Amino acid sequence: QVQLVESGGGLVESGGSLKLSCLASGTIFSISQMSWYRQAPGKEREFVAKAARNNRTEYADTAKDRFTISRDYSKHTVSLQMNSLKPEDTAVYFCKANRLATPQGVSDYWGQGTQVTVSS
């Protein structure tokens, strides 16, 4: 049974930093891409950043120059270093694993989310 578990969320003042982590556990052969999304109250879930197997990364405009995504391929983990946080970054942050291969096949998986709250 594959699980994605996020950690590292919390309350931080505007201008502060947080580092989120996500661990994919279970019998995993490979993960094509790992991403971060977020969902603020009353809004749709939105893309934040992704890291593909070829080390290619991509960021939403709102995350560029402030957030850094990194992966440990051998440990099936992904992290998101968030600096210069703003109140508008307040949201539940979700980890996603795209095309995760297990003995049962290939599928996408989501974590349960971790709350990030930035106070002004």
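In case you missed it, the structure is sitting above this.
Nothing here was measured: the structure is a model prediction, and the numbers come from that model.

Parameters at a glance
Residues numbered from 1 in each chain as written. Predicted model: local features only at pLDDT ≥ 70, side-chain atom pairs only at ≥ 80, totals over all residues. Heavy atoms only, no water. Disulfide = S-S within 2.5 Å. Helix = DSSP H or I, 4+ residues; strand = E, 2+ residues; numbered from the N terminus. Buried < 20%, exposed > 50% of the residue type's maximum accessible area, 1.4 Å probe, protein only. Contact = heavy atoms within 4.5 Å.

A. Spatial organisation of the state of the cysteines. Under the defined criterion, the tally for this structure stands at one disulfide. Here Cys-22 pairs with Cys-95 through a disulfide, and the sulfurs are 2.2 Å apart. Taking the sign of the S-S torsion, -80 degrees for the link of Cys-22 and Cys-95, the bridge is left-handed. Here the residue Cys-22 occupies a position in strand S3 (residues 18-25), and Cys-95 occupies one in strand S9 (residues 91-102), the gap between them amounting to 73 residues. Note on accessibility: Cys-22 and Cys-95 belong to one class, buried.

B. How the structure looks around the side chain of Ser-32. Mapping Ser-32 onto the fold places it in strand S4 (residues 30-39). Judged by relative accessible area, Ser-32 falls into the buried class, the value being 18%. Setting aside residues up to four positions removed in sequence, Ser-32 forms contacts with Ala-51, Ala-52, Arg-53, Arg-71, Asn-98 and Arg-99.

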